[in-house]
Amino acid sequence: MTRVVQKFGGSSVADAASIKRVARRIAATKQAGNDVVVVISAMGDTTDDLMDLALEVSPQPAPRELDMLLTTGERQSAALLAMALSDLGIPARSYTGSQAGVITTAAHGNARIIDITPGRIEKSLEAGDVVIVAGFQGVSQTTKDVTTLGRGASDTTAVALASSLGADFCEIYSDVDGVFTADPRIITGARRIPEISYEEMLEMAACGAKILHLRCVEYARREDVPVHVRSSFSDKPGTWVKDLADITKGSDMEEAIISGVSHDRSEAKITVAGIPDAVGRAAQIFDIVARADINIDMIVQNASRVMNGRTDLSFTLPMSDGPTAVHALTAAKDEIGYEQILYNDQIGKVSVVGVGMRSHPGVTSTFFRALADSGINLQMISTSEIRISVVVDADQVDEAVRVAHTAFGLDAEGEAVVYAGTGR
Ligand code: ASP
Ligand code: MG
């Protein structure tokens, strides 16, 4: 018997009618003879609404209470889905993350799964139930409190459960037909990618593709769980995320140099200018940033100026952490001895990703030539073995994605369909 984990995002269960529609879909999978575990997100904008409500009540809600509140969103949809399935004659039971045995660290709002003890799920499956698990939540082993795993993390719950239950694969249902060569909201001729490697999907998720939660892809790669990203609004096949060795040989995708173009508008850039070019200054700067619990992304440091032996260092970070970082670095101005700090949140990052670039020279020049021909200035550049990212002016992000997509021959004829438009 095939064991499947199916995850439905918030836009697939936005109202009562959608919950019934999703229930019919799950019923069909169950009736086809599969063991089915469903991971569900909160309905529509529920998580955002709960967050707004909390902030109306208290400007800085206690993280423990915020998690108590946010986890109710997924409980609602899980229970409602179980009711809808029962009405279709399919026995179903809903479980909170904690009841399902999702054990996490104690970090409220950003907990990590450390173990899954799926005893209750196994029993329920044996009894013939469809098991429905509230996504994005668990319980801390140490504090015994309810935790959440970070925004968008129902994907991670699904893959973690698929791995621990030995499921054959994990299906992630969203409102688009799969992973596209670029955001279909910008590129109407974006193509669905039939198969993509974990590595490429990781880079794309890290570079702003919101279709899958980054940690879900890390988990899938580590545990080798094939993930099928597809639309709950159609029956079309979506995108299989799997091991590079399992990608169909001779397919278009295997031959493509670039698999996709991602973009991210959520980062800001800090430049610390006029730093004495001496041992330990960069360490000092990033110590300060790390102590503020901020993750940085790209870093660029120039060679020092001959005139005065000073250098500039720029880095990007989540825009939401910008003010905190500027504050912390400003407080350390004398200690570090820099001249000036510059902050720019009107930037965006555009990345081209593809395993094909390992074996094809000239990818960088094609990318940069396309940007130059459109008058797009590059503020920062960073690369990995299978990715090239640039920081450009926020106003030029769409254009940069468009010209890169064309330059690497990714444009297709038809229009990509966006069913609900949120990517959840
Ligand atoms: N409901 C949560 C969120 O909006 C988790 C998820 O949907 O994956 O972030
Ligand atoms: Mg999502």
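Cut-offs used in this document
Residues numbered from 1 in each chain as written. Chains lettered and ligands numbered in written order. Predicted model: local features only at pLDDT ≥ 70, side-chain atom pairs only at ≥ 80, totals over all residues. Heavy atoms only, no water. Helix = DSSP H or I, 4+ residues; strand = E, 2+ residues; numbered from the N terminus. Buried < 20%, exposed > 50% of the residue type's maximum accessible area, 1.4 Å probe, protein only. Pairing = 2+ DSSP bridges. Axes fitted to C-alpha atoms, helices over the stretch in contact; angles between N-to-C directions. Contact = heavy atoms within 4.5 Å. UniProt positions renumbered as here; feature names shortened; annotations may be inferred. 1 Å grid on protein atoms, 1.4 Å probe; cavity = no way out; pocket = protein on both sides within 12 Å on 5 of 7 lines; lining within 4 Å. Parallel < 35°, antiparallel > 145°, perpendicular 65-115°, else oblique. Left-handed = near helix turned anticlockwise from the far one by under 90°. Nonpolar A, V, L, I, M, F, W, Y, C, P; charged D, E, K, R; others polar. Polar contact = N/O pair within 3.5 Å; in protein donor to acceptor, adjacent residues only side chain to side chain. Near = heavy atom within 4 Å. Areas by Shrake-Rupley, 256 points an atom, 1.4 Å probe, with all protein chains shown as cover.

### Some points on unusual backbone geometry
Part 1 of the reasoning: Backbone geometry places Asp-224, a non-glycine residue, at a positive phi of 50 degrees.
Part 2 of the reasoning: Inspection of the secondary structure puts Asp-224 in the loop between helix H7 (214-223) and strand S11 (227-231).
Part 3 of the reasoning: In this model, Asp-293 sits at a positive phi of 65 degrees, which is unusual for a non-glycine residue.
Part 4 of the reasoning: On the secondary structure map, Asp-293 appears in the loop between helix H9 (281-291) and strand S15 (299-301).
Part 5 of the reasoning: The class of Asp-293 is exposed, set by a relative accessible area of 69%.

### Some remarks on the sheet that holds strand S7 (residues 137-140)
Two pairing modes exist for strands in a sheet, parallel and antiparallel, and in both the strands are linked by backbone hydrogen bonds.
Part 1 of the reasoning: One open sheet accounts for four strands, arranged S5-S4-S7-S8; its pairing is mixed. Whereas interior strands pair on both sides, the edge strands pair on one side only; in this sheet they are strand S5 (113-116) and strand S8 (146-148). Mean inter-strand twist for the sheet, computed between neighbouring axes without regard to direction, equals 45 degrees.
Part 2 of the reasoning: The sheet contact formed by strand S4 (residues 102-104) and S7 spans two bridges and is parallel. Among the inter-strand pairings, Ile-103 is bridged to a residue of S7, identified as Val-139.
Part 3 of the reasoning: With respect to the sheet, helix H3 (residues 63-87) is in contact with S7 and S8, its orientation differing from that of S8 by roughly 75 degrees.
Part 4 of the reasoning: Its contacts with the sheet place helix H5 (residues 154-164) against S5 and S7, and it is angled at close to 40 degrees to S5.

### Comments concerning the UniProt feature "binding site: ATP" (unreviewed entry) in the chain
Part 1 of the reasoning: Taken from the UniProt record, the annotation "binding site: ATP" (unreviewed entry) applies to Lys-7, Phe-8, Gly-9, Gly-10 and Arg-185. Across 179 residues of sequence, these annotated residues are also dispersed in space, with a maximum C-alpha separation of 22.9 Å. The annotated residues that sit in the lining of the second largest pocket are Arg-185.
Part 2 of the reasoning: With respect to the secondary-structure elements, Lys-7 resides in strand S1 (residues 3-8).
Part 3 of the reasoning: If near-sequence neighbours (up to four positions away) are discounted, Lys-7 is found in contact with Val-39, Ser-41, Ser-154, Asp-155, Ala-158, Glu-171, Ile-172 and Tyr-173.

### Observations regarding the sheet that holds strand S16 (residues 310-318)
Part 1 of the reasoning: Taken in spatial order, the four strands make up an open sheet running S15-S16-S14-S17, and their pairing is antiparallel. Each edge of the sheet is formed by a strand with only one pairing partner; in this case those strands are S15 and strand S17 (340-344). Direction aside, neighbouring strands of the sheet carry axes that sit 15 degrees apart on average.
Part 2 of the reasoning: Those strands touched by H9 are strand S14 (267-276), S15 and S16, and its axis lies near 25 degrees from that of S16.

### Points about the environment of Met-43
Part 1 of the reasoning: In this fold, Met-43 is placed in the loop between strand S2 (35-40) and helix H2 (46-57).
Part 2 of the reasoning: Separated by 349 residues in sequence, Met-43 and Val-392 place their C-alpha atoms 35 Å apart.
Part 3 of the reasoning: Met-43 has contacts with Gly-10, Val-13, Ala-14, Asp-15, Ile-19, Ser-77 and Leu-80, leaving out every residue within four places of it along the chain.

### Here's the deal with the packing of helix H6 (residues 198-206) against H7
Part 1 of the reasoning: For the pair H6 and H7, interaxial distance at closest approach is 9 Å and the crossing angle is 165 degrees. On the basis of their axis angle, the class for H6 and H7 is roughly antiparallel. In the crossing of H6 with H7, the sense of the turn from one axis to the other is left-handed. In this structure, H6 uses Tyr-198, Glu-199, Met-201, Leu-202, Ala-205 and Ala-206 to contact H7, whose residues at the interface are Leu-214, Val-217, Glu-218, Ala-220 and Arg-221.
Part 2 of the reasoning: Residue composition of the contact of H6 with H7, by class: eight nonpolar, no polar and three charged.

### Some details on the side chain of Glu-171
Part 1 of the reasoning: By secondary structure assignment, the location of Glu-171 is in strand S9 (residues 169-174).
Part 2 of the reasoning: A polar contact of 2.8 Å, which involves the side chain of Glu-171, links it to the side chain of Gln-6.
Part 3 of the reasoning: One polar contact links Glu-171 to Arg-230, side chain to side chain, over a distance of 2.9 Å.
Part 4 of the reasoning: With sequence-adjacent residues up to four places away left out, Glu-171 is seen in contact with Val-4, Val-5, Gln-6, Lys-7, His-228 and Arg-230.

### A word on the site of ligand 1
Part 1 of the reasoning: In the neighbourhood of ligand 1, the contacting residues comprise Ser-41, Ala-42, Thr-47, Glu-74, Phe-136, Arg-151, Gly-152, Ala-153 and Ser-154.
Part 2 of the reasoning: Residue Ser-41 places a side-chain N or O atom 2.9 Å away from an oxygen atom belonging to ligand 1.
Part 3 of the reasoning: A distance of 2.8 Å separates an oxygen atom of ligand 1 from a polar atom in the backbone of Gly-152.
Part 4 of the reasoning: For ligand 1, whose unbound accessible area comes to 260 Å², protein coverage reaches 92%.
Part 5 of the reasoning: The residue inventory of the shell around ligand 1, partitioned by class, reads three nonpolar, four polar and two charged.

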